[in-house]
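Residue strings, one per chain:
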Amino acid sequence: MTTAVHDPLRSPDGDNGRWIPPLDIALDRAREILAEQQAANIYDDRAMLTAAVTLEIALRDLLGALDAEAGR
């Protein structure tokens, strides 16, 4: 098994001060992004990378909104 040394693209500890959308906006946006990314070409590396990053951002916003609503 080969392991590579790498630096992560982002640190989860660095989210302090980031704007978190209200839950209804985060849900609507997540649904919009999911619908948009369903058409991505699975054979296009750039399309897959774009879809992954866009969906990750939407998921982070959604989880942040859920945590904010739950008071966490």
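Keep in mind that this is a model prediction, so the values were computed, not measured. (Residues numbered from 1 in each chain as written. Predicted model: local features only at pLDDT ≥ 70, side-chain atom pairs only at ≥ 80, totals over all residues. Heavy atoms only, no water.)

**Quick look at the pattern of salt bridges**
Scanning the model with the defined rule gives two salt bridges in all. Across the salt bridge formed by Glu32 and Arg29, the nearest N and O atoms sit 3.0 Å from each other. One end of the pair, Glu32, and the other, Arg29, are both in helix α1 (residues 23–37), three residues apart, so they sit about a helical turn from each other. Judged by relative accessible area, which is 43%, Glu32 ranks as partly exposed. When its relative accessible area of 39% is taken as the criterion, Arg29 is described as partly exposed. One salt bridge connects Arg60 with Glu56, and the closest N-O pair in it is separated by 2.7 Å. Highlighted residues: Arg60 and Glu56, both in helix α2 (residues 45–70), separated by four residues, approximately one helical turn. Assessed through its relative accessible area of 31%, Arg60 is described here as partly exposed. (Salt bridge = Lys/Arg side-chain N within 4 Å of Asp/Glu carboxyl O. Helix = DSSP H or I, 4+ residues; strand = E, 2+ residues; numbered from the N terminus. Buried < 20%, exposed > 50% of the residue type's maximum accessible area, 1.4 Å probe, protein only.)

**So, the packing of α1 against α2**
For any two helices packed against each other, the geometry comes down to the angle between their axes and how far apart the axes lie. Across the interface, α1 lies against α2 with an axial gap of 9 Å and an inter-helix angle of 160 degrees. Between α1 and α2, the crossing angle belongs to the class labelled roughly antiparallel. The hand of the α1/α2 crossing is left-handed. Across from Leu23, Ala26, Leu27, Ala30, Ile33, Leu34 and Gln37 in α1, the residues of α2 making contact are Thr50, Ala51, Thr54, Leu55, Ala58, Asp61, Leu62, Ala65, Leu66 and Glu69. By residue class, the composition of the contact of α1 with α2 is 12 nonpolar, three polar and two charged. (Axes fitted to C-alpha atoms, helices over the stretch in contact; angles between N-to-C directions. Parallel < 35°, antiparallel > 145°, perpendicular 65-115°, else oblique. Left-handed = near helix turned anticlockwise from the far one by under 90°. Contact = heavy atoms within 4.5 Å. Nonpolar A, V, L, I, M, F, W, Y, C, P; charged D, E, K, R; others polar.)

**Section: α1**
Under the 1.5 Å per step criterion, the end-to-end length of α1 is 21 Å for 15 residues, consistent within 8% with the ideal 21 Å. Of the residues making up α1, those classed as buried are Leu23, Ala26, Ala30, Ile33 and Gln37. Along α1, the residues classed as buried sweep out an arc of 95 degrees about the axis, all on the same side. Exposed and facing more than 90 degrees away from the buried side of α1 are Asp24 and Arg31. Considering only its buried residues, α1 is in contact with α2. (Expected span 1.5 Å × (residues − 1). Arc of directions from axis to C-beta.)

**Brief notes about the nonpolar core**
Within the largest apolar cluster, five residues are counted, these being Leu23, Ala26, Ala30, Leu62 and Ala65. Sorting the residues of this core by element identifies α1 and α2 as the ones contributing at least two each. For this core, the element with the highest residue contribution is α1, accounting for three residues. Once residues lying within four places of it in the same chain are set aside, the contact partners of Ala30 are Ala58 and Leu62. (Core = buried A, V, L, I, M, F, W, Y, C linked by side-chain atoms within 4.5 Å.)

Remember, this is a structural readout, not a statement about activity or role.
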